[in-house]
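A closer look at the structure
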Amino acid sequence: MTRRKIQYWVIPPEHDAEFVANMEDVLETYAKPYDAIRPVVCMDEQPVQLTKETRAPVPATKQTPRRVDYEYERAGTACIFMFAEPLAGWRNTTARERRTKVDWACEIEHLLATRYRDAQKVILVCDNLNTHTPGAFYKAFPPEKARALAKKIEFHYTPKHGSWLNIAENELSSLTRQCMSGRRIGHMDELRHEIAAWATASNEKQREVDWQFKIDDARVKLKSLYPSI
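Scope of this entry: the structure provided in the associated data block. (Residues numbered from 1 in each chain as written. Predicted model: local features only at pLDDT ≥ 70, side-chain atom pairs only at ≥ 80, totals over all residues. Heavy atoms only, no water.)

1. Section: the overall build of the protein chain
The helix and strand inventory of the protein chain stands at 7 helices and 5 strands. Among the 229 residues that make up the protein chain, the fraction classed as buried is 40%. Relative to all contacts within the protein chain whose residues are 6 or more apart in sequence, the contacts with residues 24 or more apart total 75%. Looking at the protein chain as shown, the accessible area adds up to about 14,200 Å², and 51% of this sits on carbon and sulfur atoms. (Helix = DSSP H or I, 4+ residues; strand = E, 2+ residues; numbered from the N terminus. Buried < 20%, exposed > 50% of the residue type's maximum accessible area, 1.4 Å probe, protein only. Contact = heavy atoms within 4.5 Å. Areas by Shrake-Rupley, 256 points an atom, 1.4 Å probe, with all protein chains shown as cover.)

2. Some remarks on the environment of Val 209
Relative to the elements of secondary structure, Val 209 occurs in the loop between helix H6 (188–204) and helix H7 (215–221). Residues Val 209 and Glu 85, 124 residues apart in the sequence, show an inter-C-alpha distance of 8.6 Å. Here Val 209 is in contact with Pro 86, Leu 87, Ile 167 and Glu 171, once residues within four sequence places are set aside.

3. Notes on the packing of aromatic side chains
One pass over the full model with this rule turns up 6 aromatic pairs. Seen in terms of ring centroids, Trp 104 and Phe 137 are 5.4 Å apart; in terms of plane orientation they differ by 35 degrees. Their pairing is tilted. You can see Trp 104 sitting in helix H2 (residues 101–113) and its partner Phe 137 sitting in helix H3 (residues 135–140), a full 33 residues away along the chain. On the basis of relative accessible area, Phe 137 is assigned to the buried category, the value being 0%. Aromatic rings pair up to connect Trp 104, Phe 137, Phe 155 and Tyr 157 into one cluster. When the ring centre of Trp 90 is taken as origin, the NZ or CZ atom of Arg 115, which lies over that ring, is 4.1 Å away. (Phe/Tyr/Trp six-rings, centres within 6.5 Å; stacked < 30°, edge-to-face > 60°. Lys NZ or Arg CZ within 6 Å of the ring centre and 35° of its normal.)

As structure tokens, then:
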């Protein structure tokens, strides 16, 4: 029997008004000038598998590369939360054992209480996962605090099958390639240390995001997404 190769892609819909509406909303948000009082912040999350070495690696020498046994031990899972403020060249990474509504709400609450404590409102770009809602605050906090947190967030959701519009997803891709690819991380503390070091190094470079794709570009290059009228 011949096996056929399959490539997996996020295939955008055709003539989808809801996709277009969310896409243009996000693109308009990215076009806003920097405003410290109303900062644009993107967030995304990524599950990871923790793995331990079963045998001690053999250090590299001048003649041979570092050698690692192909066997490994699964050590549970974790979730990386990525927050990025594109125009400030800032990103923050944390890790939790789970990715529930309470976990998400606690992460947002921490940011609002620290970096964004003086902001009037945070313009939050995220995907439409069912944990990314104002209701999550009511799962984690008393009603008074939950309402105060919800009022400080302005949600802008990327469309379904449109995760490429989330700058935080691009930052997660960079984190994976630059920090985690080809490595085995077996403990939550080690994971938190490594991703925090990556974020610190990236922030010190002040690597801002220059988003070039605009609404006018979308209406030409992604014309098939727009309903025919």
